[in-house]
Amino acid sequence: MTAPRPAMPLPSSIAATAPVLFLLLWSSGFVFLKVGLAYADPLTFLALRYTCVVGLLLVACLALRPTLRLPAAWKHLAMVGLLIQAGYFACTYLSLKLGLSAGTLALITSQQPILIALLAPWVAHERVGLLRWAGLALGVAGAAIVIASKSTLAIGSATGLAFAVLALLCMTSGTLWEKRFGTAVHPVTANLVQYAVGLAVTAPLAFWLEPMHVEWTPALLGSLAYLVLANSLLAISLLLAMIRRAEASRVSALFFLVPPVTAVIAWLVLGETLPPQALPGMALAAAGIYLATRPAR
């Protein structure tokens, strides 16, 4: 196994704010997704989202004419798209469709930083020290407290549980693949390849498994617009750039703060209740993130 490729540099002004911006965009995406799913079948909504993303990226490609990399780079881009855009998102949607509660799904997928830390030394040649392990332990405890305080933890079917575990494995594999093989590719090219792969997988699944029901309401259009622009384009681009720039175990630890930040945004935007017992979980998750992401001395 060869050494990891050099990280793609981020401008210093963006690098400083990238984790906070990613957390806000990714977490608020769950709120907008909840709004959109009230008017469309899950996989149909995902395929519609990817169709819009690919359409915008094709226009951007024609306008910007970014430099195209060799087919070897496209192969790695396609694999990341298959694992994250197709595998992770399709499996999470299917697990919800098959009766798994949102709380159980969040609890399972929030274990990604632990899995990354276990595998990173072998896959990405990263050293995970005791301090980072302590941070990861605090992070998973805090995320679990927040999720349990707000959600019903229920398993509707063994198949739904299996899809949730598969989603966890897909996101973990995609993160490690990007860290191991990611190269400095123009973001328009990278996103176009990855979302084209996601669309090629999710559209047939939607046609096969769903009646493809969509109600074209202003709420659906607003949800779709946010998920396309802020979540699918900006948040994913930030995530992949951070993975290439820093250690995968440090970046993945940010996902511990997704449940707390989502809970606060849902409280502010949708008026959902924020149980008092969630507050200690938020504090634990924040402390865990601080320990897990601080640079090694």
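Our subject is the structure listed above.
Residues numbered from 1 in each chain as written. Predicted model: local features only at pLDDT ≥ 70, side-chain atom pairs only at ≥ 80, totals over all residues. Heavy atoms only, no water.

**Re the packing of aromatic side chains**
Then, number 1: Taken as a whole and assessed by the stated rule, the structure comprises five aromatic pairs.
Then, number 2: Aromatic pair phenylalanine 22 and tryptophan 26: ring centres 5.5 Å apart, planes at 35°, arrangement tilted. In this pair, phenylalanine 22 and tryptophan 26 are both assigned in helix H1 (residues 12–36), four residues apart and thus about one turn of the helix distant. The same class applies to phenylalanine 22 and to tryptophan 26, which are both buried.
Then, number 3: Ring centres of phenylalanine 32 and tyrosine 226 lie 4.0 Å apart, and the angle between their planes is 10°; this geometry places the pair in the stacked category. Pair noted here: phenylalanine 32 is in helix H1 and tyrosine 226 is in helix H9 (residues 218–245), with a separation of 194 residues, a long-range link.
Then, number 4: Over the ring of phenylalanine 89 we find arginine 49; its NZ or CZ atom is 5.2 Å from the centre of that ring. (Phe/Tyr/Trp six-rings, centres within 6.5 Å; stacked < 30°, edge-to-face > 60°. Helix = DSSP H or I, 4+ residues; strand = E, 2+ residues; numbered from the N terminus. Buried < 20%, exposed > 50% of the residue type's maximum accessible area, 1.4 Å probe, protein only. Lys NZ or Arg CZ within 6 Å of the ring centre and 35° of its normal.)

**Looking at the nonpolar core**
Then, number 1: Formed by 62 residues in total, the largest nonpolar core has its most connected members in Phe22 and Trp26.
Then, number 2: Of all the elements, H9 adds the most residues to this core, at 13 residues.
Then, number 3: Setting aside residues no more than four positions away along its own chain, tryptophan 26 makes contact with Tyr88, Phe89, Met171, Asn231, Ala235, Ile236, Phe255 and Val258.
Then, number 4: Listed in part, the five residues of the second largest apolar core include Leu100, Leu105, Ile108 and Leu168. (Core = buried A, V, L, I, M, F, W, Y, C linked by side-chain atoms within 4.5 Å. Contact = heavy atoms within 4.5 Å.)

**A few points about the side chain of serine 95**
Then, number 1: If you trace the backbone, serine 95 turns up in helix H3 (residues 71–97).
Then, number 2: Residue class for serine 95 comes out buried when judged on its relative accessible area of 0%.
Then, number 3: Excluding residues within four positions of it along the chain, serine 95 makes contact with Leu100, Leu105, Gly160, Phe163 and Ala164.

**Quick word on helix H2 (residues 42–64)**
Then, number 1: Helix length check: H2, at 23 residues, gives a terminal C-alpha distance of 33 Å against a target of 33 Å (1.5 Å per residue), a fit within 8%.
Then, number 2: Positive phi shows up at arginine 65, right after H2, with a value of about 50°. (Expected span 1.5 Å × (residues − 1).)

**As for the packing of helix H8 (residues 187–209) against H9**
Packed helices, taken two at a time, are described by the angle between their axes plus the distance between the axes.
Then, number 1: In contact at an axis separation of 11 Å, H8 and H9 are set at 110° when each is read in the N-to-C sense. By the angle class used here, H8 and H9 are roughly perpendicular. When you trace H8 past H9, the crossing you get is right-handed. Taking contact as the criterion, the partners of Asn191, Gln194 and Tyr195 in H8 are, on H9, Ser232, Leu233, Ile236, Ser237 and Leu240.
Then, number 2: A per-class count over the contact of H8 with H9 returns four nonpolar, four polar and no charged. (Axes fitted to C-alpha atoms, helices over the stretch in contact; angles between N-to-C directions. Parallel < 35°, antiparallel > 145°, perpendicular 65-115°, else oblique. Left-handed = near helix turned anticlockwise from the far one by under 90°. Nonpolar A, V, L, I, M, F, W, Y, C, P; charged D, E, K, R; others polar.)

**Examining H9**
Then, number 1: Compared with the 40 Å implied by 1.5 Å per residue over 28 residues, the 38 Å span of H9 between its first and last C-alpha is a close match.
Then, number 2: Along H9, the sharpest change in direction is near 35° and occurs at leucine 227. (Bend = angle between axes of the 7 residues up to and from the residue.)

**A few points about the side chain of arginine 49**
Then, number 1: By the secondary structure assignment, arginine 49 is in helix H2.
Then, number 2: Of the side chains bearing the opposite charge, glutamate 210 lies closest to the buried arginine 49, which forms no salt bridge; the N-O distance is 13 Å.
Then, number 3: Once residues lying within four places of it in the same chain are set aside, the contact partners of arginine 49 are Phe89, Tyr93, Leu224, Leu227, Val228, Asn231 and Ser232. (Lys, Arg positive; Asp, Glu negative; His and termini not counted. Salt bridge = Lys/Arg side-chain N within 4 Å of Asp/Glu carboxyl O.)

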